[in-house]
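Residue strings, one per chain:
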Amino acid sequence: MEHYRELEEKSKNIRKEILKMTHRAKSGHPGGSLSAVELLVSLYFKKMKYDPRNPFLDKRDRLIISKGHATPAVYSVLSEAGFFAREELETFRKLGSRLQGHVYRGVPGVELSTGSLGQGLSVAVGMALAARLKGELHRVYCLLGDGEIQEGNVWEAAMSAGHRKLSKLCAIVDYNKVQENGFVNDIKKLEPLKKKWESFGWRVHEINGHKFKDIISALDKFDMELDKPTCIIANTVKGKGVSFMEYQHSWHGKAPDDEQFEKAIQEIEGKVKKTR
Ligand SMILES: [Mg+2]
């Protein structure tokens, strides 16, 4: 359990960093960044093999951030993992900075520039297939948004991965139930989501995407998988940790003002009770 406490502490710091980055830049995507914190922390600080001093090391595990607007979470995790200095986060979305609003391959630790949604899984499938052809043993992960998987392109990739039994490929759906303009269920529902992935030939684990025990257990099962690609459906909360952001689509792409920022930080630090 000691280990989770360390991951929880990291998550808290990353949530604060997400708020600082968006507040400072006066723009950005806090909602879908806050929902993905524990998923990213588990991958970078528990599961993935990588060397921050050698970001393109051949045998590294790959992670494609298909929900490319989650930069506040991704960049704060990458800096925590040692890919670049924490001070650089202060340049987020500033003119001339390499840390812009969507994930960019010019940043150490980023595999693919994304932001135009629905494309990441296709690239992840190609990477997993290439690894198999070359006899390489690394794993390929792909983080997807729930609104994003309404796009047909995702299912074409899912069909290919199932057909080819890409057992070293793991798609993780950040199922926070909310997309840019409202609830996923109102815009285009995904259910029965588990059955959909299974019918495309995937092994599916449905979990609580904020519980390290659940996340790490699902990732451990993926490590043992020999027959099928894995999909982890991670039930999460958009805006997790900040009362007035949780489940609110209005916080998909909006920065907190000074007062909201102070309140949000206090809630993350546990200094005030979350009210809503
Ligand atoms: Mg969403």
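Everything discussed here concerns the structure shown above.
Attention here is on the structure that accompanies the text. Note that the structure is predicted; figures quoted are calculated from it, not measured.

Quick look at the coordination of the magnesium ion
Next, step 1: At this site the magnesium ion is bound by Asp-146 (OD), Asn-176 (OD1) and Val-178 (O), with donor distances of 2.1 to 2.2 Å.
Next, step 2: Linear spacing of the donor residues for the magnesium ion on their chain is D-x29-N-x1-V. Taken together, the positions of Asp-146 in the loop between strand 2 (140-145) and helix 6 (152-164) and Asn-176 in the loop between strand 3 (169-175) and strand 4 (178-179) put the pair 30 residues apart, joining distant regions of the chain. By the burial criterion, Asp-146 is buried, and Asn-176 matches it.

Considering unusual backbone geometry
Backbone phi values are negative for most residues with the exception of glycine, while trans is the configuration of most peptide bonds.
Next, step 1: The residue after Glu-191, namely Pro-192, is reached through a cis peptide bond having omega 0°.
Next, step 2: Residue placement: Pro-192 occurs in the loop between helix 7 (184-188) and helix 8 (193-199).
Next, step 3: Unlike most non-glycine residues, Lys-165 shows phi in positive territory, near 50°.
Next, step 4: The topology assignment puts Lys-165 in the loop between helix 6 and strand 3.

Considerations on the sheet that holds strand 3
Next, step 1: The sheet built from 5 strands is open, its strands ordered 1-2-3-7-6 with parallel pairing. Each edge of the open sheet carries a strand with a single partner, namely strand 1 (62-65) and strand 6 (203-208). Neighbour-to-neighbour, the strand axes of the sheet open up by a mean angle of 20°, direction not taken into account.
Next, step 2: Sheet analysis places strand 3 next to strand 7 (residues 230-235), joined by 6 bridges and oriented parallel. Each residue of the ladder has a partner; that of Tyr-175, found in strand 7, is Asn-235.

About the thresholds
Residues numbered from 1 in each chain as written. Predicted model: local features only at pLDDT ≥ 70, side-chain atom pairs only at ≥ 80, totals over all residues. Heavy atoms only, no water. Donors = N, O, S within 2.8 Å, 3.2 Å for Na, K, Ca; no water. Helix = DSSP H or I, 4+ residues; strand = E, 2+ residues; numbered from the N terminus. Buried < 20%, exposed > 50% of the residue type's maximum accessible area, 1.4 Å probe, protein only. Pairing = 2+ DSSP bridges. Axes fitted to C-alpha atoms, helices over the stretch in contact; angles between N-to-C directions.

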